[in-house]
Amino acid sequence: MATENTGGGSVEYIQHHLTNLSVGQGFWQLNIDTLIFSTLLGGLILFVAMKIGQNLRTETPGRFQNAVEGILEFVDNQVKDSFGGKAPALIAPLALTILIWVWLMNFMDLIPIDLIPAIAHGLGVPYLKIVPTTDLNTPLAMALVVFMLTVYYNLKVKGFGGYIKMFLFHPFGKFFIPVNIVMTLIEELAKPISLGLRLFGNMFAGELVFMLIALLTMGATISASLLIWFPLQVVLDLAWLIFHILVITLQAFIFMVLTIVYLGMAHIDADSH
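Residues numbered from 1 in each chain as written. Predicted model: local features only at pLDDT ≥ 70, side-chain atom pairs only at ≥ 80, totals over all residues. Heavy atoms only, no water.

## A look at helix α3 (residues 63-83)
With 21 residues, α3 ought to run about 30 Å at 1.5 Å a step, and its terminal C-alpha atoms sit 30 Å apart, in line with that. Among the residues of α3, Q65, V68, V75, V79 and F83 are the ones counted as buried. All buried residues of α3 project into a common sector of 95 degrees when viewed along the axis, lining one side. The outward face of α3, more than 90 degrees from its buried face, is lined by the exposed residues R63, E73 and D81. (Helix = DSSP H or I, 4+ residues; strand = E, 2+ residues; numbered from the N terminus. Expected span 1.5 Å × (residues − 1). Buried < 20%, exposed > 50% of the residue type's maximum accessible area, 1.4 Å probe, protein only. Arc of directions from axis to C-beta.)

What follows is the structure in structure tokens.
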């Protein structure tokens with residue numbers, strides 16, 4: 001990989017790649033690159049889904065249709081395993097969207113780290129991060145939506161009284177109400193925080209590894225050392241690429257499964273909880 005920001009050294013190179021293209025400051029800062037790439041990938045999902053729906057073949061499905069149907073069946077089985085009975089109509093489409101969207105956002109990390117930012121730099125764009133899930137705002141925003149849905153279904157299934165009852169009497173019974181409130185509140189708040197931070201932490205670490213591999217080229221010169229550094233970087237890139245494919249898939253799967261589990265727990269009545 002060539003790097004477009006080699007003049008300032010390794011620290012400046014990493015800082016440059018960790019900076020979002022943004023407007024505003026503080027709480028009102030908007031990371032434009034995150035919004036653009038996440039929206040484009042969401043639009044890609046809608047476009048492909050529309051094309052698949054328009055070209056469905058029941059008798060002789062193609063390989064791509066078979067793969068999509070396999071994913072649909074896999075997600076549906078995950079929902080059934082968590083809910084037992086009939087799940088609300090929203091759950092399976094939500095789980096499928098999360099799985100594919102998170103995977104696609106993670107997949108952007110497999111594009112050579114300097115390719116698109118270098119093109120943008122040539123067009124006058126100073127900073128550009130193309131992996132939305134390495135921006136903490138994206139995983140936490142998705143986790144917040146899941147949290148809001150769990151609160152909604154808790155109130156819908158248990159009722160307001162049943163939801164409050166869960167805080168008062170879970171997990172230690174009626175004689176430890178103050179402890180129960182604190183413990184249950186921590187438990188509920190930890191769900192979206194851990195859900196978002198887990199995805200962000202793994203993707204951020206993966207991006208840093210790709211940066212460190214790219215930095216190997218920065219120290220290479222047109223000499224005998226190039227014969228060592230360049231093959232080493234190719235080997236490291238391929239090895240980490242193969243491993244990272246498993247990482248991005250696993251992280252998308254975990255985010256989807258935990259979403260299903262949390263929403264499934266929200267459908268348990270107060271007494272069973």
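## Some thoughts on the pattern of salt bridges
This structure, assessed with the given rule, holds two salt bridges. With a closest N to O distance of 3.1 Å, D76 and K80 form a salt bridge. Linking D76 with K80, this pair stays in helix α3, spanning four residues, or about one helical turn. For D76, a relative accessible area of 28% puts it in the partly exposed group. (Salt bridge = Lys/Arg side-chain N within 4 Å of Asp/Glu carboxyl O.)

## Considerations on the packing of α3 against helix α4 (residues 91-107)
The interhelical angle for the contact between α3 and α4, taken along N-to-C directions, is 125 degrees, at an axis separation of 9 Å. When the axes of α3 and α4 are compared, the pair comes out oblique. Crossing handedness for the pair α3 and α4: right-handed. Within the contact between the two elements, α3 uses I71, L72, V75, V79 and F83 and α4 uses I91, A92, A95, L96 and L99. (Axes fitted to C-alpha atoms, helices over the stretch in contact; angles between N-to-C directions. Parallel < 35°, antiparallel > 145°, perpendicular 65-115°, else oblique. Left-handed = near helix turned anticlockwise from the far one by under 90°. Contact = heavy atoms within 4.5 Å.)

## Some details on the nonpolar core
Core analysis: the biggest nonpolar cluster contains 46 residues, and I98, V102, L195, M256 and L263 have the highest contact counts within it. Going through the elements one at a time, α2 (32-54), α3, α4, α6 (137-169), α7 (177-218) and α8 (224-266) are the ones with two or more residues in this core. Per element, the largest residue contribution to this core is 10 residues, and it comes from α8. Residues contacting V102, with those up to four places away along its chain left out, are T97, M142, L199 and A252. (Core = buried A, V, L, I, M, F, W, Y, C linked by side-chain atoms within 4.5 Å.)

## Considerations on the layout of surface pockets
There is about 630 Å³ of room inside the largest pocket. Of all the elements in the fold, those that place two or more residues in the lining of the largest pocket are α2, α3 and α4. The residue makeup of the lining of the largest pocket, split by class, is 17 nonpolar, three polar and one charged. Forming the walls of the second largest pocket are 21 residues, and the residues nearest its centre are L35, N137, T138, A141 and M142. Of all the secondary structure elements, the ones that give two or more residues to the lining of the second largest pocket are β2 (30-31), α2, α4 and α6. Here the element with the most residues in the lining of the second largest pocket is α6; it accounts for seven residues. (1 Å grid on protein atoms, 1.4 Å probe; cavity = no way out; pocket = protein on both sides within 12 Å on 5 of 7 lines; lining within 4 Å. Points joined across faces, edges and corners; volume = space filled by probe spheres on them. Nonpolar A, V, L, I, M, F, W, Y, C, P; charged D, E, K, R; others polar.)

## Comments concerning the packing of aromatic side chains
Scanning all chains against the criterion turns up six aromatic pairs. When the centroid spacing of 5.8 Å and the interplanar angle of 35 degrees are considered together, the rings of F74 and F253 count as tilted. You can see F74 sitting in helix α3 and its partner F253 sitting in helix α8, a full 179 residues away along the chain. Residue classification places F74 among the partly exposed positions, given a relative accessible area of 35%. Here F253 falls in the partly exposed class, since its relative accessible area comes to 28%. (Phe/Tyr/Trp six-rings, centres within 6.5 Å; stacked < 30°, edge-to-face > 60°.)

## A closer look at the confidence of the model for the protein
Mean pLDDT for the protein: 84, with 87% of residues reaching 70 or above. Across the protein, α4 holds the top mean pLDDT of 95, while α8 sits lowest at 79. The model gives residues 1-7 a pLDDT under 50, and that stretch makes 23 contacts with residues more than four places away or in other chains. Here residues 220-226 is a poorly scored stretch, pLDDT under 50, and it has four contacts once near neighbours within four places are set aside; other chains count. (pLDDT = per-residue confidence, 0-100.)

## Details of α4
Helix length check: α4 (17 residues) gives 24 Å between terminal C-alpha atoms against 24 Å at 1.5 Å per residue, within 8%. Along α4, the positions that sit buried rather than exposed are I91, L94, A95, L96, I98, L99, V102, L104, M105 and N106.

## Some thoughts on a nonpolar patch on the surface
Together, L136, L140, L185, L189, I193 and L197 make up a nonpolar patch on the protein surface, roughly 470 Å² of accessible area in all. By the secondary structure assignment, L189 is in helix α7. Residue L189 is classed as partly exposed on the basis of its relative accessible area, which comes to 41%. (Patch = residues over 30% accessible without salt bridge, like charges linked within 9 Å, V, L, I, M, F, W, Y side chains within 5 Å. Areas by Shrake-Rupley, 256 points an atom, 1.4 Å probe, with all protein chains shown as cover.)

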